[in-house]
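Examination of the molecular architecture
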Amino acid sequence: MAFEFPIRIYWEDTDAGGIVFYANYLKFMERGRTEWLRSLGLEQQRLREQVGGMFVVSEAHIKYLQPARLDDELIVTAALQEAGRASMQIAQRVLLKQKQPTDTPQLLCEGTIRIGWVDALSMRPARIPQSLIQTIS
């Protein structure tokens with residue numbers, strides 16, 4: 001089951017054509033991943049301070065299907081797709097929330113984001129602590 005995070009589209013999110021600027025989908029996905037980790041008790045700042053490491057994005061694959069527009073309500077999802085020793089691949093989707101509760105949300109954008117674990121001081125790749133992998137899985 002994927003974590004869901006709501007987002008509304010504001011003027012600042014749109015381009016001159018009135019649609020969401022493509023790079024903003026990455027920001028929406030970042031917020032979704034961050035809130036997903038936070039919901040699991042894994043706050044980035046606390047991980048840096050208490051565990052000495054942090055997650056960083058190392059790879060992103062995005063497919064844009066349909067545009068979002070001003071005032072749209074979106075749902076951003078995040079779900080663990082694969083966990084390795086030093087990185088994880090997260091499947092993410094951005095959906096247009098439908099007006100009626102019985103309607104299926106419309107897929108606007110989807111992708112996978114690879115996040116790697118690094119030592120907070122050296123910024124060198126490191127092994128993800130087993131306790132974090134267990135919490136996320």
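Up top you'll find the structure we're talking about.
Residues numbered from 1 in each chain as written. Predicted model: local features only at pLDDT ≥ 70, side-chain atom pairs only at ≥ 80, totals over all residues. Heavy atoms only, no water.

1. Let's talk about the nonpolar core
If you look at the biggest cluster of nonpolar residues, it comprises 28 residues, and the most contacted ones within it are Phe28, Phe55 and Leu74. Listing elements by their share of this core, those giving two or more residues are α1 (24–39), β3 (73–83), β4 (87–96), β5 (106–119) and α3 (130–136). (Core = buried A, V, L, I, M, F, W, Y, C linked by side-chain atoms within 4.5 Å. Buried < 20%, exposed > 50% of the residue type's maximum accessible area, 1.4 Å probe, protein only. Helix = DSSP H or I, 4+ residues; strand = E, 2+ residues; numbered from the N terminus.)

2. Quick notes on the pairing of β3
In the sheet, strand β1 (residues 3–8) pairs with β3 via six bridges, with the strands oriented antiparallel. Paired with Phe3 across the bridge in β3 is Ala78. Pairing of β3 with β4, which is carried by nine bridges, proceeds in the antiparallel orientation. Bridge assignment links Leu80 to a residue of β4, and that residue is Ile90. (Pairing = 2+ DSSP bridges.)

3. Here's the deal with the side chain of Arg114
Take Arg114: it is sitting in strand β5. Aside from chain neighbours lying at most four places away, what touches Arg114 is Val56, Val57, Ser58, Glu59, Glu82, Ser87, Met88 and Gln89. (Contact = heavy atoms within 4.5 Å.)

4. As for unusual backbone geometry
In this model, Asp71 sits at a positive phi of 75°, which is unusual for a non-glycine residue. Counting through the fold element by element, Asp71 comes out in the loop between β2 (53–64) and β3. Positive phi, normally seen in glycine, also occurs at Met123, with a value near 60°. Summarising the element assignment, Met123 is placed in the loop between β5 and α3.

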